[in-house]
Amino acid sequence: MKLFVTGGAGFIGSNFILYWIKNHPEDHIINFDKLTYAGNLENLKDIEDSSSYTFIRGDIRDPKTVEQSLKGVDTVVHFAAESHVDRSIMEPAAFVETNVSGTQVLLDAALKEGVGRFHHISTDEVFGSLTLEDTSKFTEMTAYNPRSPYAASKAGSDHLVRAYYTTYGLPITITNCSNNFGPYQFPEKFIPLAITNLLEGKKVPVYGDGLYVRDWLYVEDHCRAIDLVLQKGKSGETYCVGGMGGDVNNLSVVKKILDILGEDESMIEFVKDRPGHDRRYAVDWSKTREELDWEPEHDFDEWLSKTVAWYQDHKDWWKDVKSGAYQDYYNKQYGNG
Ligand code: NAD
Ligand code: DAU
């Protein structure tokens, strides 16, 4: 099988490529990535010379390059996106251009080239926010209610993907997944930001009261869910993917990381809240379990410790990432202090 992976140099995309080459060595992967600030080919160093792998630097908004690159492809796995909520609040236009227009360009090309499956990677953020009091979870039937420019742009892309299935018969599947963590995650996201700040002797910025809840999933579990959707998922269907049994708030996550690193709570700094901050995410993944026999295999506490160890062992990787353009963004978001 020939797979066309967009955004394969980013966090989840690169973990997916490493996972796929290990588990499906007979397949060929084309990694199509623009290499924005979030794309890093270092993540794929171990497989860059593999005969199962080709890299194309390209922009999903560019129809000509996308069409040429898609020739002979069986399956598209579409990760490429602007992915950080805080950046979407600062500069929403790029989110609409990449996440909505870019997805539409890809869908057109996939239709024209007759690909067998277009799998779209989406997020639980399209469903909006749950309250702390309520015990319900997001399901595939939950109405869309995106509340940040990022979430709205992902919702737009999901609608387009379904519209291409209904209108043109393009074979599609979608996964709406919760917050991932693990190796190669860009340190603007909460868990790697907390770890790398502490490793640099800096405090961890916690938004608002810190009682916001995310449904954390180790990235390899997400990759395995996508694999099962590609093998057994039904065209036109959506599958929710999530990780936690119970709620864990941001403050508890930071305290766990402080414990792992032997630091105390004086390293927590409460900062101004994110505008429109979603209070709670929780995903009901029973359809994915029942239809695809998937469930998370990585325990949060154990794999959080392993993730901390990974960042301790890969200082060169994140120190390079944290320099330069990222530093300008950091100063704009949190100030120079
Ligand atoms: P990321 O920001 O780490 O990586 C995004 C990748 O897309 C980068 O390699 C970047 O260079 C590439 N890219 C961006 N614009 C592009 C363009 N115009 N053309 C080609 N490539 C482009 O993102 P991530 O955290 O790995 O997320 C991947 C996907 O998974 C996204 O679609 C995101 O919405 C979704 N998702 C993420 C999470 C999470 O917790 N990180 C959870 C659920 C869903
Ligand atoms: O739910 C899936 C989504 O998870 C993905 O679709 C997004 O691509 C991904 O970025 C992530 O979005 P979040 O906004 O939940 O992730 P982030 O890591 O930015 O924040 C996690 C929580 O931590 C959130 O409640 C905000 C809080 N936070 C974040 C940062 C960066 C802080 O308290 N301080 C911070 O400095």
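Residues numbered from 1 in each chain as written. Chains lettered and ligands numbered in written order. Predicted model: local features only at pLDDT ≥ 70, side-chain atom pairs only at ≥ 80, totals over all residues. Heavy atoms only, no water.

Visitor: Just give me the short version of helix α10 (residues 300–313), but keep the residues and values in it.
Guide: Two residues of an α-helix separated by three or four positions point the same way, owing to the 3.6 residues in each turn. For α10, which comprises 14 residues, the first-to-last C-alpha distance of 20 Å matches the rise-based estimate of 20 Å (1.5 Å per residue) to within 8%. All of the buried residues in α10 are Phe300, Trp303, Leu304, Thr307, Val308, Trp310 and Tyr311. Down the axis of α10, the buried set is contained in an arc of 155°. They therefore lie on one face. On the buried face of α10, the contacting elements are β7 (180–181), α6 (190–199), β9 (217–218), α8 (250–261) and α11 (315–322). Its side-chain oxygen placed 3.3 Å from the backbone nitrogen of aspartate 301, aspartate 299 serves as the N-cap of α10. (Helix = DSSP H or I, 4+ residues; strand = E, 2+ residues; numbered from the N terminus. Expected span 1.5 Å × (residues − 1). Buried < 20%, exposed > 50% of the residue type's maximum accessible area, 1.4 Å probe, protein only. Arc of directions from axis to C-beta. Contact = heavy atoms within 4.5 Å. Polar contact = N/O pair within 3.5 Å; in protein donor to acceptor, adjacent residues only side chain to side chain.)

Visitor: Give me the site of ligand 2: which residues, what numbers.
Guide: Around ligand 2 sit 25 residues in total, of which Asp124, Glu125, Tyr150, Arg274 and Tyr334 are the nearest. Taking threonine 123, its side chain carries an N or O atom lying 2.7 Å from an oxygen atom of ligand 2. In this structure, an oxygen atom belonging to ligand 2 sits 2.9 Å away from a side-chain N or O atom of asparagine 250. By residue number, the principal contributor to the shell around ligand 2 is strand β8 (residues 204–207), which donates three residues. (Near = heavy atom within 4 Å.)

Visitor: For the packing of aromatic side chains, give the residues involved together with the corresponding values.
Guide: If you walk through the whole model with that rule in mind, you get 19 aromatic pairs. Here the aromatic rings of tyrosine 37 and phenylalanine 186 are separated by 5.1 Å at their centres, their planes lie at 90°, and the arrangement is edge-to-face. Taken together, the positions of tyrosine 37 in the loop between β2 (28–33) and β3 (53–57) and phenylalanine 186 in the loop between β7 and α6 put the pair 149 residues apart, joining distant regions of the chain. Note on phenylalanine 186: relative accessible area 9%, which makes it buried. Measuring from ring centre to ring centre gives 5.5 Å for phenylalanine 127 and tyrosine 144, while their planes differ by 85°; the resulting arrangement is edge-to-face. Note that phenylalanine 127 is positioned in the loop between β5 (117–123) and α5 (149–168) and tyrosine 144 in the loop between β5 and α5, a separation of 17 residues in sequence. Owing to a relative accessible area of 4%, phenylalanine 127 belongs among the buried residues under this scheme. You can call tyrosine 144 partly exposed: its relative accessible area is 23%. (Phe/Tyr/Trp six-rings, centres within 6.5 Å; stacked < 30°, edge-to-face > 60°.)

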